[in-house]
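Chain and residue survey
So the chains spell out like this:
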Amino acid sequence: MTDKKEKIRVSDKMMGLLYLDKSLYLGLAGLIVGLSCLLGGIFLYASMKSTYQRQLEHPGYFDPFQESGYSAISAQLATDYFAEHVKEGYRLYFGFDSTFEPFIFCADGEATKELQRLIDATTEGDGDELPPMLRLSGFCRPLTPEIMGYARDAYSQMWSDETIPISSDELYAMVGDYYLDTRPSSFLVEHSWAMGFFLVPAAILIIGLGFLFQYRKWIKAQLAQVERYREHLPAADRELERTERFSKRLPLYLTEHFLITAVYSLDVIPYEAIQLFSESGSLLLAVTKNGDTHIIADRLHCDGCYDRLLLELHHRQAAGGLF
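This write-up is about the structure you can find in this document. Quantities reported herein were computed from a predicted structural model and do not represent experimental measurements.

Remarks on the sheet that holds strand E13 (residues 283-288)
Pairing is antiparallel in the open sheet, where three strands are placed in the order E12-E13-E14. Both edges of this open sheet fall to strand E12 (274-280) and strand E14 (293-298), since each of them pairs with a single strand only. Here the strands of the sheet are splayed against their neighbours by 25° on average, with no regard to which way each runs. Where E13 and E14 come together, five bridges link them in antiparallel fashion.

Spelled out as structure tokens, the structure:
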């Protein structure tokens, strides 16, 4: 049987050096913000989807001269399609409402039987008997110059074998600035950006978890350092309790006999064990008599106390650590 090592009890101050790190704060902040954003996103997504469903159930009146979202209109007549998108499979038509005002709409694939009746009545009927009106519903889309180009060519030849010139402005004045897209759609097709309600929180959560994973690795290294300094830790901890930080921004303490720092990881170094101090770039290093090198501080994070710290360390090393 092997004896279990006795647990080391340390002060709250030493616990702070052992367990508190910015990666912990950033990780917890990421989780809190990410979960808050996710809950808010779920609420907003559900609210928007509910609004979308209500629009489908109660469409507004399609006005080709203003954006009206999901809307509907009853067509009395319609022409054969004047343009077709081969890749996406939809066709563009002229429709005429109950007052015979023209508008443009698009539909998927071949014309339905109901639509074909309107087309036949327009092209072959004598106008005495009109077919039942066809209710069209869909999303309001802006008319592009490309669509208007095809529409102008078709409209100029609609009522006569001869081409009747018509300008774009004249056509806009008749059919408005929008067309009715009657193709089947969905909430995510119309509001694809709504996925951001989930993607953004997910990204924040992943970042937060990344920081917590980094903190887990850091804790393992800290616990390994505790075992390394088991011999000196109780005495160093007692001296730490009555020692103030060397600088507010620097987790470094100069006690009577020990240099205690947690700039990168916990180091508890007796002054008498230090052979020399050296500098590498912006880093201040302590080389101990056993050949180990310890990072003491970084000039960039010393808040202007680097030179004072270096001078004090040399002084304490020469004095054996005592004031």
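Things to note about the layout of surface pockets
As a volume, the largest pocket reaches approximately 630 Å³. If you list the elements that add at least two residues to the lining of the largest pocket, you get helix H1 (12-19), helix H2 (22-57) and helix H7 (196-228).

Quick notes on a nonpolar patch on the surface
Together, Met-15, Tyr-19 and Leu-223 give the surface a local cluster of nonpolar side chains, amounting to about 240 Å² of exposed area. Tracing the backbone through its elements, the reader meets Tyr-19 in helix H1.

Considering the pattern of salt bridges
Per the counting criterion, the structure on display carries seven salt bridges. Measuring nitrogen to oxygen at the nearest pair gives 2.8 Å for the salt bridge that ties Asp-181 to Arg-183. You can call Asp-181 buried: its relative accessible area is 2%. Exposure remark for Arg-183: the relative accessible area of 21% places this residue in the partly exposed category.

A word on the pairing of strand E11 (residues 267-270)
The alternating pattern of E11 places Asp-267 and Ile-269 on one face and Val-268 and Pro-270 on the opposite face, and all of these are buried. Direction of pairing for strand E10 (residues 258-261) relative to E11: antiparallel, over a ladder of four bridges. From the neighbouring strand, Thr-261 faces E11, where its bridge partner is Asp-267. Two successive antiparallel strands, E10 and E11, enclose a turn made up of five residues.

A look at the packing of aromatic side chains
Evaluated as defined, the whole model comprises 13 aromatic pairs. Taken together, a centroid distance of 5.2 Å and an interplanar angle of 90° make the contact between Tyr-45 and Phe-187 edge-to-face. Here Tyr-45, found in helix H2, pairs with Phe-187, found in helix H6 (residues 187-190); they are 142 residues apart in sequence, far enough to count as distant. The residues Tyr-45 and Phe-187 share a single accessibility class, namely buried. Aromatic rings pair up to connect Tyr-45, Tyr-52, Tyr-70, Phe-139, Phe-187 and Phe-198 into one cluster. Cation over ring: Arg-183 sits above Tyr-90, and NZ or CZ is 4.2 Å from the ring centre.

Quick word on the nonpolar core
If you look at the biggest cluster of nonpolar residues, it comprises 33 residues, and the most contacted ones within it are Leu-259, Ile-260, Ile-296 and Leu-309. When sequence neighbours within four positions are dropped, the list of residues in contact with Ile-260 reads Met-14, Leu-17, Ala-236, Leu-240, Pro-251, Leu-252, Tyr-253, Thr-255, Leu-266, Asp-267 and Val-268. With 19 residues, the next largest nonpolar core counts Phe-82, Tyr-90, Leu-143 and Tyr-179 among its residues.

The rules behind each value
Residues numbered from 1 in each chain as written. Predicted model: local features only at pLDDT ≥ 70, side-chain atom pairs only at ≥ 80, totals over all residues. Heavy atoms only, no water. Pairing = 2+ DSSP bridges. Helix = DSSP H or I, 4+ residues; strand = E, 2+ residues; numbered from the N terminus. Axes fitted to C-alpha atoms, helices over the stretch in contact; angles between N-to-C directions. 1 Å grid on protein atoms, 1.4 Å probe; cavity = no way out; pocket = protein on both sides within 12 Å on 5 of 7 lines; lining within 4 Å. Points joined across faces, edges and corners; volume = space filled by probe spheres on them. Patch = residues over 30% accessible without salt bridge, like charges linked within 9 Å, V, L, I, M, F, W, Y side chains within 5 Å. Areas by Shrake-Rupley, 256 points an atom, 1.4 Å probe, with all protein chains shown as cover. Salt bridge = Lys/Arg side-chain N within 4 Å of Asp/Glu carboxyl O. Buried < 20%, exposed > 50% of the residue type's maximum accessible area, 1.4 Å probe, protein only. Phe/Tyr/Trp six-rings, centres within 6.5 Å; stacked < 30°, edge-to-face > 60°. Lys NZ or Arg CZ within 6 Å of the ring centre and 35° of its normal. Core = buried A, V, L, I, M, F, W, Y, C linked by side-chain atoms within 4.5 Å. Contact = heavy atoms within 4.5 Å.

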